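# Observations on the model geometry
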Amino acid sequence: MANIKSAKKRILVNRTKAERNKSIRSAVKTSIKKVEAAVAAKDKEAASAALKNAISTIDKAATKGVYHKNNAARKVSRLAKAVNTLN
């Protein structure tokens, strides 16, 4: 365990940030799974609605620094491509 006051604070701050990031990552994964489930069910309307929500969630995560912007763009691109393959 740390003895220096600033080191103790860093531990607390890092723990808080890790919990926040974990929550945001979980929300992103859930929204991605909803899109993939709608695509698997071949439900175009549900897939596009879920995609809109997923894009919003992913962009917010990238803005907050949880994901790198290229990683977020890649996730959005893959989901959009999957939804666009439905006819």
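Residues numbered from 1 in each chain as written. Predicted model: local features only at pLDDT ≥ 70, side-chain atom pairs only at ≥ 80, totals over all residues. Heavy atoms only, no water.

You'll find the protein entered in an unreviewed UniProt entry as Small ribosomal subunit protein bS20, with Candidatus Blautia stercorigallinarum given as the organism. For the protein, the Sequence similarities (unreviewed entry) comment in UniProt is given as "Belongs to the bacterial ribosomal protein bS20 family." Listed under Function (unreviewed entry) in UniProt, the entry text for the protein is "Binds directly to 16S ribosomal RNA." (UniProt positions renumbered as here; feature names shortened; annotations may be inferred.)

## Concerning the packing of helix H2 (residues 44-63) against helix H3 (residues 69-84)
Where H2 contacts H3, the axes come no closer than 10 Å and their chain directions differ by 175°. If you check the angle between H2 and H3, you find them roughly antiparallel. Every residue of H3 that contacts H2 at Lys44, Ala47, Ser48, Leu51, Ala54, Ile55, Ile58, Asp59 and Ala62 is listed here: Ala72, Lys75, Val76, Leu79, Ala80, Val83 and Asn84. (Axes fitted to C-alpha atoms, helices over the stretch in contact; angles between N-to-C directions. Helix = DSSP H or I, 4+ residues; strand = E, 2+ residues; numbered from the N terminus. Parallel < 35°, antiparallel > 145°, perpendicular 65-115°, else oblique. Contact = heavy atoms within 4.5 Å.)

## Describing unusual backbone geometry
Look at Lys42: it is not a glycine, yet its phi comes out positive at around 60°. Tracing the sequence through the fold places Lys42 in the loop between helix H1 (5-40) and H2. Classification of Lys42 by relative accessible area gives exposed; the value is 66%. (Buried < 20%, exposed > 50% of the residue type's maximum accessible area, 1.4 Å probe, protein only.)

## Describing the packing of H1 against H3
Two numbers describe how H1 lies on H3: the axes approach to 10 Å, and their chain directions differ by 20°. Between H1 and H3, the interaxial angle falls into the category roughly parallel. In the packing of H1 onto H3, the handedness of the crossing is left-handed. Every residue of H3 that contacts H1 at Ile32, Val35, Glu36 and Val39 is listed here: Lys75, Leu79, Ala82 and Val83. Residues that form the contact of H1 with H3 fall into these classes: six nonpolar, no polar and two charged. (Left-handed = near helix turned anticlockwise from the far one by under 90°. Nonpolar A, V, L, I, M, F, W, Y, C, P; charged D, E, K, R; others polar.)

## Describing the side chain of Ser31
Relative to the assigned elements, Ser31 resides in helix H1. Here Ser31 falls in the buried class, since its relative accessible area comes to 4%. A distance of 2.8 Å separates a polar side-chain atom of Ser31 from the backbone oxygen of Val28. When near neighbours in sequence (up to four residues on either side) are disregarded, Ser31 contacts Ala54 and Thr57. (Polar contact = N/O pair within 3.5 Å; in protein donor to acceptor, adjacent residues only side chain to side chain.)

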